[in-house]
Amino acid sequence: MISALVYADREAVAYDDLTAARRAVGTTWVHVADADDEEIDAVAAAFDLHRLAIDDLRNGVRAKTEEFADHTFVLLKSVTLTPGETTFEKEVATSPVGIFIGRDWVVTLSPGRVAAVQRVMDAAERGDERLLHRGPDFTASRVADVIVDAYFDLLDDVETDIEEIEEEVLVSTDIETLEKINDVRRDLLSFRKQVWPAREAVGTLARGDPPQVQQQTEKYFRDIHDHLVQIVDLTETYRDLVAGARDIYLNTLSQSTNEVMKVLTVVATIFIPLTFVVGVYGMNFAGGPYNMPELGWTYAYPATILGMALMTALMLVHFRRRGYL
């Protein structure tokens, strides 16, 4: 879907012809959502977009900023946390958004539909004068800003998952808890791969390196860059929290295993002398030079039982003092 607006004389006019939109007097913004190859080629031909930039957009390379002869190309990634399509509960889904900034025009292309960018376009169509009358670079900054703001939403979801995990690891050693920890670690790793390049890409615009970025617009890109720095710091913090939760889980699991081993050790230690006594008297050596005279004693059986009970009681007292019970 192609939308073309030209802002002039304090109003935004929609155009159907891309060539006419580019030649019109004023600031032109062309936005293509759910772009197929035919639409991308049509926009690229109308605005002389560099072929390498189009290839980067189609191939979904990492976020970047590149300067060409008459325009600057900025590639950012829209990131959302969606239900997993395979074995994972949640997955980080990305959609590339290409922003081309010219002298008096800006083009945004996305193979998918990015709701945040579409909201900015809808505001421009309704006549939001803050967008286009400040130039194409300011429009590009607004588009980049809504993409980056969505990163905070993803981190909020991750933070909620981490809080649930931190509560579970203290009371549970279920395998599902470990799976949740690994899922969040994987999501943060995928997210980190997107925000680090984005920070560098926006940093180029914040410094005002491209000639298409006016000096008065640099502060908006610096604000976006500051947000990305904060997002990177939060991502690293959350990764540390998840690593800590994983250590707590493993320690809890190890402690639980040790408790089980303690019980088994106590039980085994108690039954070892009992087994010995039963084995000895089970041989029934009643005659011969090495006979067992106590077998003929009237009180042999109760004395043996009493001896085993006393031995068991002494061992239980010992284990209790050692803290095993």
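Residues numbered from 1 in each chain as written. Predicted model: local features only at pLDDT ≥ 70, side-chain atom pairs only at ≥ 80, totals over all residues. Heavy atoms only, no water.

For the rest of this paragraph, the subject is the packing of helix 4 (residues 115-125) against helix 6 (residues 136-169). Following both chains from N to C, one finds helix 4 and helix 6 inclined at 145°, their axes separated by 8 Å at the closest point. Our pair here, helix 4 against helix 6, has a crossing hand that is right-handed. Here A116, V117 and V120 of helix 4 lie close against helix 6, whose contacting residues are R142, V143, V146 and I147. Across the contact of helix 4 with helix 6, the residue classes break down as six nonpolar, no polar and one charged. (Axes fitted to C-alpha atoms, helices over the stretch in contact; angles between N-to-C directions. Helix = DSSP H or I, 4+ residues; strand = E, 2+ residues; numbered from the N terminus. Left-handed = near helix turned anticlockwise from the far one by under 90°. Contact = heavy atoms within 4.5 Å. Nonpolar A, V, L, I, M, F, W, Y, C, P; charged D, E, K, R; others polar.)

Now for unusual backbone geometry. Even without a glycine there, the phi angle at D48 is positive, about 55°. If you trace the backbone, D48 turns up in the loop between helix 2 (37-47) and helix 3 (51-59).

Where empty space is left can be seen by rolling a probe of water-molecule size over the atoms. Here the largest pocket defines a volume of roughly 240 Å³. What lines the largest pocket is a set of 16 residues, among which S78, T80, V114, A115 and A116 lie closest to the centre. Among the elements that make up the lining of the largest pocket, the one with the highest residue count is helix 6 (five residues). (1 Å grid on protein atoms, 1.4 Å probe; cavity = no way out; pocket = protein on both sides within 12 Å on 5 of 7 lines; lining within 4 Å. Points joined across faces, edges and corners; volume = space filled by probe spheres on them.)

This model, assessed by the stated rule, comprises 15 salt bridges. Ionic pairing is found between D104 and R103, a salt bridge with its closest N-O pair at 3.6 Å. By sharing partners, the salt bridges in this structure join D37, D41, R51 and R58 into a single network. (Salt bridge = Lys/Arg side-chain N within 4 Å of Asp/Glu carboxyl O.)

Judged by how many residues are buried, strand 1 (residues 2-8) sits mostly within the fold: five of seven residues are covered. Where strand 1 and strand 3 (residues 27-32) come together, six bridges link them in antiparallel fashion. Residue L5 lies in a different strand from strand 3, and its bridge partner there is W29. The pairing of strand 1 with strand 2 (residues 11-15) spans five bridges and is antiparallel. Paired with A8 across the bridge in strand 2 is E11. In sequence, strand 1 turns back onto strand 2 through a hairpin of two residues, with D9 there showing a positive phi of about 55°. (Buried < 20%, exposed > 50% of the residue type's maximum accessible area, 1.4 Å probe, protein only. Pairing = 2+ DSSP bridges.)

Our next topic: helix 4. The complete set of buried residues in helix 4 reads A116, V117, Q118, V120, M121, A123 and A124. G127 lies just past helix 4 and shows a positive phi near 95°.

Moving on to the sheet that holds strand 2. Pairing is mixed in the open sheet, where seven strands are placed in the order 2-1-3-7-6-5-4. Whereas interior strands pair on both sides, the edge strands pair on one side only; in this sheet they are strand 2 and strand 4 (64-67). On average, each strand axis in the sheet is inclined to that of its neighbour by 20°, with strand direction left out of account.

Let's shift gears to the confidence of the model for the chain. The share of residues in the chain with pLDDT of 70 or more is 91%, and the mean pLDDT across the chain is 83. Here helix 5 (residues 129-132) stands out as the least confident element of the chain, with mean pLDDT 70; strand 4 is the most confident, with 92. (pLDDT = per-residue confidence, 0-100.)

This part takes up the nonpolar core. Among the nonpolar cores identified, the biggest contains 55 residues, and L76, I99 and Y151 are the most heavily contacted of them. No other element matches helix 6, which puts 13 residues into this core. Sequence-distant contacts of I99, defined by excluding residues within four places in its chain, comprise T72, F73, V74, L76, V106, V107, T108, A140, V143 and A144. Listed in part, the 24 residues of the second largest apolar core include V30, L49, A53 and I54. (Core = buried A, V, L, I, M, F, W, Y, C linked by side-chain atoms within 4.5 Å.)

Take the UniProt feature "transmembrane region" (unreviewed entry) in the chain next. Under the local residue numbering, the UniProt record ascribes the feature "transmembrane region" (unreviewed entry) to residues 263-287 and 299-319. Along residues 299-319, the helical share is 95% and the strand share 0%, with 30 Å between the first and last C-alpha atoms. (UniProt positions renumbered as here; feature names shortened; annotations may be inferred.)

Looking now at the side chain of T72. Within the secondary structure layout, T72 lies in strand 5 (residues 72-83). Assessed through its relative accessible area of 1%, T72 is described here as buried. Of note is the side chain of T72, whose polar atom sits 2.5 Å from the side chain of Q212. Beyond its immediate sequence surroundings of up to four residues, T72 is in contact with T65, E66, E67, I99, F100, I101, L205, P210 and Q212. (Polar contact = N/O pair within 3.5 Å; in protein donor to acceptor, adjacent residues only side chain to side chain.)

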